[in-house]
Amino acid sequence: MNLYAHFSDRIFAALDALKADGTLPGDLDARSITAEPPRDPAHGDVATNAAMVLAKQAKMPPRDLAEKLAAVLGEDDDISNVEVAGPGFINIRVAPAFWPRVLMSVLQQRGDFGRSGIGAGEAVNVEYVSANPTGPLHVGHVRGAVFGDALAALLEFSGFNVTTEYYVNDAGAQVDVLARSAYMRYREALGHDIGDIPEGHYPGDYLKPVGEMLAEKYGEGLLEADETEWLPLVRADAIDAMLMLIKDDLAALDIGQDVFFSERSLIDGATDKVAVTIDELRERGLIYEGRLPPPKGRLPDDWEDREQTLFRATEFGDDVDRALMKSDGTYTYFASDIAYHNDKFKRGFRNMIDVWGADHGGYVKRMQAAVKAVTAGEAALDVKICQLVRLFRGGEPVKMSKRSGEFVTLREVVDEVGPGPVRFMMLYRKNDAPLDFDFVKVTEQSRDNPVFYVQYAHARAYSVFRNTLEVFPDLKPDSLDPVKLKLSLLESEEELSIVKKISQFPRVVESSALAHEPHRISFYLHELAGDFHSLWNRGKELPQLRFINDADRDLTEARIALVSSIAETLANGLRILGVQPIREMR
RNA sequence: GGUCCCGUAGCUCAACUGGAUAGAGCAGCGGACUUCUAAUCCGCAGGUUGCAGGUUCGAGUCCUGCCGGGAUCGCCA
């Protein structure tokens, strides 16, 4: 159950009652009314701004309206106390008898606790990574990969119908470079001396197996061929090989997208989908031939003022109109990208989320403009920019040089610290803030390391379960009958406050999903873990608070139910983040 | 120069899309192990939310202008 949704319903019922007796007009705009936890728990369990929001419409001072509303809410059995505070907040204190129901619902729902239907089955497309298929993924791709994957899981858990997608840029100049590089490795595999890999090619050893594969497949058949003949063949094989590599890398992080969408397929099929898209825009008068002003500031050396095919991006909030054709007559990347998003739209997606790296920040406006234009405003595109990850090892920055090819690969990171810590740390910051990643710290077993801290809490819960068996050999968390438990025995302030914390989980999940911000889950888990560690240690000072009480089976059962609810909540949160919960630390 | 992101405690960051007295963790100081694993916990201290205006019942959050840091700037992807 979602506590806040529950009381939100009660508040609206109370408003209906006030409408019925004429205190409030019948046609209220109640959209911005909220039911939320007050910042200070001393104020109560649920607070609503209803009176302040409605004061104007009711033509009544907010506090007066609040008093009337409070009087109605006071009648509710689930509410023990209602107070009007400050400018007109209504603070609700939930009846003590209500809290056991929260735990019962956790124990009944288990792995589904926090799941909701707010997405109402709506289709969402989440596109992420989409790195050029020219080599293994490097550390720069990790954050976007994890973010996109976790966001997709979060949306799925919240009732959206999610499709995850990878846009394969297999049509640009990069893949031709890839083909030429692979061709060199092909000659090498046939015993030719190729010397050093020249500038402008991909030097990495990962192309050697591709060369060998080509040698086996074609023998010497491509050696005498003209580049125009061999390039498409080699390119196709090389791209396939690179995609295998990339999928393997992603699998190491437990990521597998539903769709790998080929950019080339837009133009290679029976119809040129890019041309079709441009035509659609042209019919709406959004395409014209014209000149662009040169960029402000320093003029590029090769600036050439020329007439070109432009999209009226400025009509949709962009700063300048954007080019669709290169000077050699082929489509720009942007043109293909419009067609790609148009294709998503035609596949039924009204909600699109793109996860991009920091270097694409300047691309957001034009893409959103394009989506607005091509879908006539029917689809929404949210672009999540993931800022840079700075690598450290024991506080020292890790040097990276992309030019010399000495970049840190995704695989190296995952192999060294494991997928769980990588995933958690990548989600322990807001996506648009830079992130520090320390190889040493994330594997440390100390409270500085949030991954460990949360995992330790989960493992600790399972340690309690193991210890319980020594006193009550048949007392297992999954054999508890939620209905028969005497949960009202959980009456200490410490226990109650952690129950309240648990009750917030569904709300945290919902708001993270709607805001497209999975990091909120990580922070919540860290807090919940802290509360649990704290409660654990209280048992040392006050033995009557220990989870296991030899002399009182009912009390022990109730507390095991509480611990189990905590563990279940931690596990559900971790699973959304794609992190495997650990049951034993040693 | 244009555009986008960021600026919150000494440091790293939260703040539930506008709510009440801005919260955590590190670092600092002082405490708690015959233990349900102290791999943890408790307490103290720490703030003009970069600056100046504006919007309203109410602003770290929205708007305008500055200051500082980062990213990006026809045809690369």
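As a reminder, the structure under discussion sits directly above these lines.
Residues numbered from 1 in each chain as written. Chains lettered and ligands numbered in written order. Predicted model: local features only at pLDDT ≥ 70, side-chain atom pairs only at ≥ 80, totals over all residues. Heavy atoms only, no water.

For strand S11 (residues 351-357), the buried fraction is high: five of the seven residues fall into the buried class. Two elements, S11 and strand S12 (residues 380-386), share seven bridges in a ladder whose sense is parallel. Counterpart to Met352 in the pairing with S12 is Leu381. Traced from S11 through helix H12 (residues 364-374) to S12, the parallel crossover comes out right-handed. (Buried < 20%, exposed > 50% of the residue type's maximum accessible area, 1.4 Å probe, protein only. Helix = DSSP H or I, 4+ residues; strand = E, 2+ residues; numbered from the N terminus. Pairing = 2+ DSSP bridges. Right-handed = clockwise from strand over helix to strand, strands pointing away.)

This part covers the sheet that holds strand S6 (residues 161-168). The strand order across the open sheet formed by five strands is S7-S6-S5-S11-S12, and the pairing between neighbours is parallel. Edge positions in the sheet fall to strand S7 (259-262) and S12, since each has one partner strand and no second. Neighbour-to-neighbour, the strand axes of this sheet turn through a mean angle of 25°, independent of strand direction. Judged from the four bridges that link them, strand S5 (residues 123-127) and S11 form a sheet pairing that is parallel. Among the inter-strand pairings, Asn125 is bridged to a residue of S11, identified as Met352. Along the sheet face, H12 touches S11 and S12 and points at about 165° away from the line of S12. (Axes fitted to C-alpha atoms, helices over the stretch in contact; angles between N-to-C directions. Contact = heavy atoms within 4.5 Å.)

Applying the stated criterion across every chain, the model contains 24 aromatic pairs. Centre to centre, the rings of Tyr333 and Tyr363 are 6.1 Å apart; their planes meet at 50°, and the pair counts as tilted. Taken together, the residues Tyr333 in helix H11 (residues 333-346) and Tyr363 in the loop between S11 and H12 connect sequence positions 30 residues apart. On the accessibility criterion, Tyr333 (36% relative accessible area) is partly exposed. (Phe/Tyr/Trp six-rings, centres within 6.5 Å; stacked < 30°, edge-to-face > 60°.)

To continue, consider the nonpolar core. Buried together is how nonpolar side chains tend to be arranged in soluble globular proteins. Ranked by size, the top nonpolar core spans 143 residues in total, and within it Leu73, Leu155, Phe437 and Leu562 carry the most contacts. With residues up to four places along the chain from it excluded, the contact list for Leu155 reads Val124, Val126, Phe160, Val162, Ile353, Ala513 and His516. Formed by 32 residues, the second largest nonpolar core is a distinct cluster that contains Phe334, Val364, Ala369 and Ile385. (Core = buried A, V, L, I, M, F, W, Y, C linked by side-chain atoms within 4.5 Å.)

What follows covers helix H10 (residues 273-283). Of all the positions in H10, only Val274, Thr277, Ile278 and Leu281 are classed as buried. Seen along its axis, H10 keeps its buried residues to an arc of 95°; they face one direction. Against helix H9 (265-268), strand S8 (287-290), strand S9 (308-311), H11 and H12 lie the buried residues of H10. One side-chain oxygen of the residue at the start of H10 lies 3.0 Å from the amide nitrogen of Val274, identifying that residue as Asp272. Gly285 occupies a position one or two residues after H10 and carries a positive phi of about 75°. (Arc of directions from axis to C-beta. Polar contact = N/O pair within 3.5 Å; in protein donor to acceptor, adjacent residues only side chain to side chain.)

On to the packing of helix H6 (residues 173-189) against helix H8 (residues 227-252), then. Close contact between H6 and H8 brings their axes to 8 Å; oriented N to C, the two are set at 95°. In this view, H6 runs roughly perpendicular relative to H8, as classed from their interaxial angle. Contact residues: H6 offers Val175, Asp176, Leu178, Ala179, Arg180, Ala182 and Tyr183, while H8 offers Glu227, Trp230, Leu231, Val234, Arg235, Ala238, Ile239 and Met242. In terms of residue class, the contact of H6 with H8 is built from 11 nonpolar, no polar and four charged. (Parallel < 35°, antiparallel > 145°, perpendicular 65-115°, else oblique. Nonpolar A, V, L, I, M, F, W, Y, C, P; charged D, E, K, R; others polar.)

Enumeration according to the criterion identifies 38 salt bridges in this entry. Between Arg185 and Asp205 there is a salt bridge, with the nearest N and O atoms lying 4.0 Å from each other. Here Arg185 is found in helix H6, whereas its partner Asp205 is found in the loop between H6 and helix H7 (208-218), with 20 residues between them in sequence. Relative accessible area serves as the criterion here: at 53%, Asp205 is assigned to the exposed category. With a closest N to O distance of 4.0 Å, Glu307 and Arg291 form a salt bridge. Placement of the pair is Glu307 in the loop between S8 and S9 and Arg291 in the loop between S8 and S9, with a sequence separation of 16 residues. What makes Arg291 partly exposed here is its relative accessible area of 49%. Salt bridges linked by common partners bring Arg10, Asp76, Asp78 and Arg101 together as one network. (Salt bridge = Lys/Arg side-chain N within 4 Å of Asp/Glu carboxyl O.)

Time to look at the protein's contact with RNA strand B. Surrounding RNA strand B, one finds 67 residues, the nearest of these being Glu304, Lys326, Gln445, Tyr453 and Arg546. At the protein interface, 63% of the atoms of RNA strand B within 4 Å belong to sugar or phosphate. Contact distances for RNA strand B include 2.5 Å between a sugar or linking oxygen and a side-chain N or O atom of Asn132. For RNA strand B, a phosphate oxygen lies 3.2 Å from a polar atom in the backbone of Ala173. (Near = heavy atom within 4 Å.)

Right, let's get into the layout of surface pockets. One number sums up the size of the second largest pocket: a volume of about 820 Å³. Along the walls of the second largest pocket sit 25 residues, with Tyr4, Pro37, Pro38, Lys501 and Gln504 positioned nearest its centre. Secondary-structure elements contributing two or more residues to the lining of the second largest pocket are helix H1 (3-20), helix H16 (493-503), helix H17 (505-515) and helix H18 (519-541). When its residues are assigned to classes, the lining of the second largest pocket shows 10 nonpolar, six polar and nine charged. (1 Å grid on protein atoms, 1.4 Å probe; cavity = no way out; pocket = protein on both sides within 12 Å on 5 of 7 lines; lining within 4 Å. Points joined across faces, edges and corners; volume = space filled by probe spheres on them.)

We now examine the sheet that holds strand S2 (residues 46-48). As a general point, the strands of a sheet are linked pairwise by backbone hydrogen bonds and lie either parallel or antiparallel. Taken in spatial order, the four strands line up as S1-S2-S4-S3 in an open sheet, and their pairing is antiparallel. In this open sheet, the two edge strands, each paired with only one partner strand, are strand S1 (35-36) and strand S3 (79-85). Relative to strand S4 (residues 89-94), S2 is paired through three bridges, and the arrangement is antiparallel. In the strand pairing of S4, Thr48 is matched with Ile90. Each of S3 and S4 touches helix H3 (residues 62-73); the most contacted strand, S3, lies at about 175° to it.

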